[in-house]
Amino acid sequence: MSTHPFQKWVEDKGVVDVRFYPSNPSASMAKDLLDSAYEAVREYEAGNSVPFEDNTPDHFIS
Amino acid sequence: MNYDDVIRKARDMRALFMQEHYGAKIPWAVNVQKFGRVVSEKTGWQVVSRVLPIPDSLRGALIRMPDHQALILINDKNNECWKRFTFLKEVSHLFLEDEGQFITDTEQLASSLVDMEMDSDGYSLREAAGILAAIEIGIPEAIKSAIFHAINVDGLTPYQIAYRLKMPQKYVEYRLRQWGIMPDSGE
């Protein structure tokens, strides 16, 4: 079986750890997750991303 | 690592964060981005979090680079609550697991997550640890009595609690069931 392009990307970049958060594992195949991850890093490297910002206002209980 | 360790580590990190950012005040919704900065300081991982188009099968991912950069990628189709939760789940891996528990075989990881029979290395349990920690930080035991009051005295619904916490309703309801305070109307 050939290596998935995402696994090759991980090896080429010297990545030391990877974690996935599947939306619905029972409805996905392993290849779906790998394809999605590869798409994500390609988008990131192409500059098609924005910083995550949490603008939650402070609303205190006490 | 067992789940008691996960909860202890999540509570310890949350306590550090609360002390540094909120003092004696207790917020309904913690600012997860500021929480991420504390995790970064304590672990040495430089957190870079980005929102971007990702196919639907992934809410997000964490990629640790060799230069100690921790890249958190978040699916732009998540709503704000899910974006915040996904960030918390991924950033929690930074303080939950060290080098001995790193994963680089992504094909095995993906297979493990979709088919428990393929999960010989317990990868799905490690992902679950991240979710458990995110729940402990975003829907903490420390505000259980305030939530109890909001439901039983103020009459708030699980949806309204989720809105206050800015956390996914799915995990708010999980927590309410765990605490035995899920209102009948929400069952």
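Predicted model, so just to flag it, every value in this text is computed and none were measured.

Chemist: Whenever I open this one, the interface of chain B and chain A confuses me. Can you help?
Modeler: Counting residues at the interface gives 50 residues for chain B, matched by 42 residues for chain A. Taken together, the elements giving at least two residues each to the side of chain B that touches chain A come down to α2 (32-43), β1 (46-52), β2 (58-64), β3 (69-75), α3 (80-96), α4 (106-114) and α5 (123-138) of chain B. Of the residues in the side of chain B that touches chain A, the class split is 27 nonpolar, 11 polar and 12 charged. Pairing of strand β2 (residues 50-51) of chain A with β1 of chain B involves two bridges; the strand directions are antiparallel. Considered in β1 of chain B, the bridge of Pro51 of chain A is made with Arg50 of chain B.

Chemist: Help me understand the environment of Asp56 of chain B, please; the structure alone is not making it clear to me.
Modeler: Tracing the backbone through its elements, the reader meets Asp56 of chain B in the loop between β1 and β2. A tally of 13 C-beta atoms within 10 Å means that Asp56 of chain B is categorised as partly exposed. Spatially, the C-alpha atoms of Asp56 of chain B and Lys77 of chain B are 7.9 Å apart, while their sequence positions differ by 21 residues. Other than its neighbours up to four places away in sequence, Asp56 of chain B contacts Ser23 of chain A together with Lys77 of chain B.

Chemist: It is not clear to me how the sheet that holds β2 of chain A should be interpreted in this structure. Could you clarify?
Modeler: Hydrogen bonding along the main chain pairs the strands of a sheet, whether they run parallel or antiparallel. The strand order β1(A)-β2(B)-β3(B)-β1(B)-β2(A) describes an open sheet built from five strands, whose pairing is mixed. One side of each edge strand has no neighbouring strand; the edge strands of this open sheet are β1 (17-22) and β2 of chain A. Across five bridges, β2 of chain B lies against β3 of chain B in antiparallel orientation. The residue bridging Gly60 of chain B from the neighbouring strand is Ile74 of chain B, located in β3 of chain B. Contacting β1 of chain A together with β1, β2 and β3 of chain B, helix α2 (residues 30-45) of chain A crosses the sheet at an angle of about 65° to β2 of chain B.

Chemist: Explain α4 of chain B to me, please; I cannot follow it from the model alone.
Modeler: Given 3.6 residues per turn, any residue in an α-helix points the same way as the ones three and four places further on. Of all nine residues in α4 of chain B, seven are buried; the element is thus mostly enclosed. Three or more residues of α4 of chain B are buried, namely Thr106, Leu109, Ala110, Ser111, Ser112, Leu113 and Val114 of chain B. At its buried positions, α4 of chain B is contacted by α1 (5-13), β1 and α2 of chain A together with α5 of chain B.

Quick notes on the rules
Residues numbered from 1 in each chain as written. Chains lettered and ligands numbered in written order. Predicted model: local features only at pLDDT ≥ 70, side-chain atom pairs only at ≥ 80, totals over all residues. Contact = placed C-beta atoms within 7 Å. Helix = DSSP H or I, 4+ residues; strand = E, 2+ residues; numbered from the N terminus. Nonpolar A, V, L, I, M, F, W, Y, C, P; charged D, E, K, R; others polar. Pairing = 2+ DSSP bridges. Buried ≥ 20, exposed ≤ 12 C-beta atoms within 10 Å, placed from the backbone. Axes fitted to C-alpha atoms, helices over the stretch in contact; angles between N-to-C directions.

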